[in-house]
Amino acid sequence: MAFIPGQPVTAVVQRIEIQKLRQGDNLILGFSIGGGIDQDPGQNPFSEDKTDKGIYVTRITPGGPADAAGLMMGDKIMQVNGWDMTMVTHDQARRTLTKKKEDVVRLLVTRKSLEEAVKQSMSYPRQ
Amino acid sequence: MDTESTYSGYSYYSGRSRGSHRHGERSRDRHKTRSKDSRSEKSVTINTPPAEPLLGDSAVRGEQVQDDNWGETTTAVTGTSEHSLSQEDIVRITKDLEDSVGLDCRRYFTLTLAVILGLLVFLTPLAFLVLPHILWPERLQSCGTACEGLFISVAFKLLILLLAVWALFFRPPRAGLPRVFVFRALLAVLVLLFVVSYWLFYGVRILDSQDENYQGIVQYAVSLVDALLFIHYLAIVLLELRQLQPCFSVCVMRSTDGETRHYNLGQLSIQRAALAILEHYYCDFSVHNPALLSASKSRAAKHLAGLKVYNVDGPGNNAAAGLAHSQSRAMIAAAARRRDSSHNELYYEEAEHERRVRKRRARLVVAVEEAFTHIKRMQEEEQKKAPGDVMDPREAAQAIFPSMARALQKYLRTTKQQHCHSMESIQQHLAFCITNNMTPKAFLESYLTPGPTLQYSRDHWLARQWTLISEASVTSGLKDGTVFLLKCVDFSLVVTSKKIPYIQMSEEYIDPKSHKFVLRLQSETSV
């Protein structure tokens, strides 16, 4: 998941669609995020590259909408509804996820196990 | 025109020269440019003569031998003569002349008026009390105890009034201002009217009718003295207290080198504000040093000297204004197109000068520190030394001065301060520093940086005569945007005033217990 500055970022991503749950006045998604370009990347327990300032999922409420959609702890969120999440501040990410007018968020997330899965499937000879 | 014009530094008229060396150089320069004109045909240059004070030239001009064929024969230029004067001498003579004549008669006139008014004011209550006894003593009621008590009160109030007037008004005048001081004049008129009206009342109701009630007369005198004390209170408020609260911020800029200072003044008239500013000028601004301006003047002269302007249309053809306008525009355009490398010269010259100053300064500091180690204060136990070895401060200064004299002189020459300090003043300062146990650094401080004008000898305060140039009347008050000039012989001070804005302050209370902090770890937001 490390990136080379100046080169486009490539990653294996999974599409996850989460329906927001209405709780009183708020629409909640059921997970917590950490990271952002204004945060300290060295303290991120989930990132491989400690200079990675992307948005990571730090906690999932069990039984919440994110859990039901298949989001896992430690995922890096690359896109939310088409908006880029690799170079945003923490507050911008929060605001993009919690837009009141949107009922559903479509995330593109990446995790280490996805890459390994793809590598494994590519190493099997075609039959 | 092959003959060269030569110039000698001295003519056969001059013996020793007392004046400055500069005269010879200046006249030599002028002669050099003239001879250049006569010889070459191509470069007809328009020379503005280098900016020189006019007063200095008059001493030299009278002695030059002007010939009709000056380009073709050898000429001798007198550089200096026995009776040459330096620039400062001439200015000082004109100053002295102007000082002795002039405003003295006005000062004495106002002084006599003030004294007459004062006497009138003081003698009036006494006259009120004494006149009934003189004019109709037999019909007068005798003075009871209350009345005699009032005598004491009159006496003490008069004494207080006397002391107060002495404190406020009988101070040596600090300056002669161009116009009359408006508030003082108003107060004098008020007091005069007041006293006159009391006299009128007294004359009509008491003297004419020969009133017997002496107690009433005494009370009348007491009321006069009370009212005079209140007028004195009014005088204090108008003359002293009103301008204490700062209301305007004035910006004072010297025209020769742009040194700027800002001061806060209260509500004053323009002439009083000018006086306050001048008093600040003498202790805040560094001394005016004309030698520092010569470099930029020579650069300006070089700029003008390089351009040639031809009048092709002949005189009287176009309107004079249009012609001059087009000429100046042509000159500016030519100057802009010319590839000028004078900025390069300036940069390297300044860098070189900086280096030289620092080197000389280092040598000077070392020399002075070494010189100071040769002396020490004599302790009491050492009184057994022979009296020949013991020196007083002046002798001690003279003893150690030669070892630092050369380094100091070179440094002063490099920073162009040599005319501000004479040998005598340097030795005096050295003796002063030795007496007061100062370190070498303290001694040197007054030579390393130019100080305020007060620091130098009295003949540097040449401009005790200042001219106030103002578009508004000088007795009108300061307003926002007032601009006036204070001119003396060498330079002028440009003063601009701005009103201090109205400040709206509000408060915000912070509870001391509200200062709480948390550690910032990776922040996590739940969505």
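Residues numbered from 1 in each chain as written. Chains lettered and ligands numbered in written order. Predicted model: local features only at pLDDT ≥ 70, side-chain atom pairs only at ≥ 80, totals over all residues. Heavy atoms only, no water.

An unreviewed UniProt entry lists chain B under the name Vang-like protein, with Lates calcarifer as the source organism. As stated in UniProt under Subcellular location (unreviewed entry), the record for chain B gives "Cell membrane". What UniProt states about chain B under its Sequence similarities (unreviewed entry) heading is, verbatim, "Belongs to the Vang family." (UniProt positions renumbered as here; feature names shortened; annotations may be inferred.)

Per an unreviewed UniProt entry, chain A is named Tax1-binding protein 3, and its organism is Lates calcarifer.

Draft legend 1. Structural detail: the overall build of chain A. Scanning chain A from terminus to terminus reveals three helices and eight strands. For chain A, the α and β elements follow one another from N to C terminus as β-β-β-β-β-α-β-β-α-β-α. Taken across its 127 residues, chain A has 38% of its residues classed as buried. Here the analysis covers contacts within chain A between residues at least 6 apart in sequence; of these, 67% occur between residues at least 24 apart. Looking at chain A as shown, the accessible area adds up to about 7800 Å², and 53% of this sits on carbon and sulfur atoms. (Helix = DSSP H or I, 4+ residues; strand = E, 2+ residues; numbered from the N terminus. Buried < 20%, exposed > 50% of the residue type's maximum accessible area, 1.4 Å probe, protein only. Contact = heavy atoms within 4.5 Å. Areas by Shrake-Rupley, 256 points an atom, 1.4 Å probe, with all protein chains shown as cover.)

Draft legend 2. Geometry of the UniProt feature "transmembrane region" (unreviewed entry) in chain B. All names here are of chain B. The feature "transmembrane region" (unreviewed entry), as given by UniProt, occupies residues 108–130, 150–169, 181–202 and 217–239 in the numbering adopted here. Secondary structure content for residues 181–202 is 95% helix and 0% strand, and the end C-alpha separation is 32 Å. With 100% helix and 0% strand, residues 217–239 has end C-alpha atoms that lie 33 Å from one another.

Draft legend 3. Representation of the nonpolar core within the structure. Residues and elements named next belong to chain B. Membership of the largest hydrophobic core comes to 30 residues, with the highest contact counts inside it found for F128, F194, Y214 and V218. Of all the elements in the fold, those that place two or more residues in this core are α4 (104–135), α5 (145–169), α6 (182–207) and α7 (214–241). Those residues in contact with F194 that lie beyond four places of it in its chain are L224, A227, L228 and I231. (Core = buried A, V, L, I, M, F, W, Y, C linked by side-chain atoms within 4.5 Å.)

Draft legend 4. Examining the sheet that holds strand β5 (residues 492–499) of chain B more closely. Residues and elements named next belong to chain B. An order of β2-β1-β5-β4-β3 is seen for the five strands of this open sheet, with the pairing classed as antiparallel. Among the strands making up the open sheet, the edge pair consists of β2 (260–265) and β3 (467–470). Sheet twist, expressed as the mean angle between neighbouring strand axes with direction ignored, is 25°. The pairing of strand β4 (residues 483–487) with β5 spans five bridges and is classified as antiparallel. Within β5, the residue paired with L485 across the bridge is V494. (Pairing = 2+ DSSP bridges. Axes fitted to C-alpha atoms, helices over the stretch in contact; angles between N-to-C directions.)

Draft legend 5. Spatial organisation of the packing of aromatic side chains. Residue and element names in this part refer to chain B. One pass over the full model with this rule turns up 18 aromatic pairs over all chains. Between W199 and Y202 the ring centres are 5.9 Å apart and the planes differ by 90°, which places this aromatic pair in the edge-to-face class. Of this pair, W199 and Y202 are both found in helix α6, three residues apart, which corresponds to roughly one turn of the helix. Residue Y202 is classed as buried on the basis of its relative accessible area of 0%. Taking 5.9 Å as the distance between ring centres and 75° as the angle between the ring planes, the aromatic pair formed by W466 and F491 counts as edge-to-face. Taken as a pair, W466 in the loop between α14 (440–448) and β3 and F491 in the loop between β4 and β5 lie far apart in primary sequence, 25 residues in all. The same class applies to W466 and to F491, which are both buried. (Phe/Tyr/Trp six-rings, centres within 6.5 Å; stacked < 30°, edge-to-face > 60°.)

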